[in-house]
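Structural overview
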Amino acid sequence: DVVLLSGFTVGKSPTANKDKLHPCNLQLSGDDACIYVSKQKPPHPRSSLVSKRGSLISAEGSKMVKATKYTYVRLDELKNESVVNVYGVVVFFKQPFKSRGTDYCSCLKITDQSEHKIGCTIFCERLEDHPKIFQTGDIVRMHRVKVKLYNNSLTLVNTSGFSVMTFHGTVGGAVEPRTSSKTFHFDEDDRCTVEELRSWAASQTLLPSVSAAVPLSAVQPSAYFDLTCQLLAKATVDTTCTLLRVWDGTRCPHPLLKVIVDPNVTEGASSFSKQKESLIANVLVYDNHVEFARQLK
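Sequence order as written defines residue numbering, which begins from 1 separately in each chain. Given that this is a predicted model, residues contribute local features only at a pLDDT of at least 70 and side-chain atom pairs are listed and counted only at 80 or more, while totals for whole chains, interfaces and linings are drawn from all residues. Water and hydrogen atoms play no part in the side-chain values, which are based on all heavy atoms of the structure.

1. A look at the sheet that holds strand 5 (residues 83–98)
Any two strands with at least two DSSP bridges between them are considered paired. Secondary structure elements are defined from DSSP: runs of H or I of at least 4 residues count as helices, runs of E of at least 2 residues count as strands, and each element is numbered from the N terminus. Ordered in space as 5-6-7-9-8, the five strands form a closed barrel in which the pairing is mixed. Sheet twist, expressed as the average angle between the axes of neighbouring strands with direction ignored, equals 50°. In this sheet, strand 9 (residues 153–167) lies alongside strand 8 (residues 139–150) in antiparallel orientation, the contact comprising eleven bridges. Considered in strand 9, the bridge of Ile 139 is made with Phe 167. Contacts are residue-level and defined by heavy atoms, with any inter-residue pair within 4.5 Å sufficient. To define axes, lines are fitted to C-alpha atoms, for helices over the stretch in contact only, and angles between the resulting N-to-C directions are given on a 0 to 180 degree scale. Running over the sheet, helix 4 (residues 188–203) touches strand 5, strand 6 (104–111), strand 8 and strand 9 and is turned about 65° from strand 5.

2. Brief notes about the nonpolar core
The term nonpolar core refers to a set of buried residues drawn from Ala, Val, Leu, Ile, Met, Phe, Trp, Tyr and Cys, joined through side-chain atoms within 4.5 Å. For each residue, the accessible area found with a 1.4 Å probe, counting protein chains only, is set against the maximum for its type, and the residue is called buried under 20%, exposed over 50%, and partly exposed in between. Leu 78, Val 86, Leu 108, Ile 110, Met 142 and Leu 156 are the most contacted members of the largest nonpolar core, which has 19 residues in total. If you list the elements that add at least two residues to this core, you get strand 5, strand 6, strand 7 (117–124), strand 8 and strand 9. Counting ten residues, the second largest nonpolar core, distinct from the first, contains Tyr 87, Met 165, Val 175 and Trp 200.

3. Considering the packing of aromatic side chains
Two aromatic rings, taken as a pair, are described by how far apart their centres are and by the angle between their planes. The pairing test for Phe, Tyr and Trp rings, Trp by its six-membered ring, is centres within 6.5 Å, and the orientation test on the planes gives stacked under 30 degrees, edge-to-face over 60, and tilted for anything in between. Across all of its chains, the model carries two aromatic pairs by this definition. Plain terms: the ring middles of Tyr 72 and Tyr 87 are 4.9 Å apart, the flat faces sit at 55° to each other, and that makes the pair tilted. Linking Tyr 72 in the loop between helix 3 (59–62) and strand 5 with Tyr 87 in strand 5, this pair joins segments that are 15 residues apart in sequence. A relative accessible area of 28% places Tyr 72 in the partly exposed class. Lying over the aromatic face of Phe 97, Lys 94 brings its terminal NZ or CZ to 4.6 Å of the ring centre. In this scheme, Lys NZ or Arg CZ marks a charge over a ring once it lies within 6 Å of the ring centre and within 35 degrees of the ring normal. Taking NZ or CZ as reference, Arg 178 lies 3.9 Å from the ring centre of Phe 134, over its face.

4. Comments concerning helix 4
The terminal C-alpha atoms of helix 4, which comprises 16 residues, lie 23 Å apart, in line with the 22 Å expected from a rise of 1.5 Å per residue. Taken residue by residue, helix 4 has Asp 190, Val 194, Leu 197, Arg 198, Trp 200 and Ala 201 as its buried positions. Structurally, helix 4 contributes buried residues whose contacts are with strand 5, strand 6, strand 8 and strand 9. Sitting at the head of helix 4, Asp 187 places a side-chain oxygen 3.1 Å from the backbone nitrogen of Asp 189. Thr 205 lies just past helix 4 and shows a positive phi near 55°. In a helix, the anticipated span is given by 1.5 Å times the number of residues less one. Here a polar contact means two N or O atoms within 3.5 Å. Within protein one must be a hydrogen donor candidate and the other an acceptor candidate, and residues neighboring in sequence count only if both atoms are side-chain atoms.

5. Points about the pattern of salt bridges
When a carboxyl oxygen of Asp or Glu lies within 4 Å of a side-chain nitrogen of Lys or Arg, that pair is called a salt bridge. Summed over the entire model, instances satisfying the criterion amount to 13 salt bridges. Between Asp 76 and Arg 74 there is a salt bridge, and its shortest N-O distance comes to 3.3 Å. Asp 76 gets classed as partly exposed once you look at its relative accessible area, which sits at 35%. The closest approach of N and O atoms between Arg 245 and Glu 277, which form a salt bridge, is 2.2 Å. Here Glu 277 lies in helix 5 (residues 274–277) and Arg 245 lies in strand 11 (residues 241–247), a separation of 32 residues in the sequence. Exposure remark for Arg 245: the relative accessible area of 12% places this residue in the buried category. One salt-bridge network, held together by shared partners, links Lys 69, Asp 187 and Asp 189.

Printed below as a string of structure tokens:
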């Protein structure tokens, strides 16, 4: 017989040292797990290894395979201690930052057509396993998150088998998932869900207003702005701060911060001509943004 298991997660076996069996085992996770059994005809004694393998995907065996169908729960229907799959529009997020342990932690808050807002806390060792959120209004899909009660409010946390993908929230934009997973399930129903959330979010003014980048020559003191620039050099100031030296070809009319760092810790040129130096702005990056600043080239 051939047994096919779908929707299970792989975990470390707690009895591997005792029973000397495989160090991993399959764990039931959520309501989507299925087991299929199919009877196979015994192979001919002279069959080669290739033909034996081919028999497993014969017409008879292929009948047992079906695409995994995921179900998603609206945010106003979440039940404490349940493991669910959800879609939502991001209304707040904090990029991953180093926790006290070995994990990185990221925080976000999502909503959907129910207008319920739910906080989410994600702990993963690898940065690439965290949601790739660029701005509020992005659409996020999370599989196998657990509902927990924290400070009298429901929140979502990742569990074994957790996976996530995100999409740009702009109506009419390409539906291209951002995910580190090499394989994932995404069908026409998922595409429709993303489009519906985009349209709803646009009608609720949840999407951020689009602001044009401001050149250094037009910046104003104490004002927030977007800057498109070239990174010339960077340096670690301390464990909580990284210096980025940037320019965009224009001169800022206001006095700029001067930062002195050891040339030995600078990546890129440590000095520039007097004319070029007058066009360079020093940007200090702090806290949870430091990890991303260090990855810039």
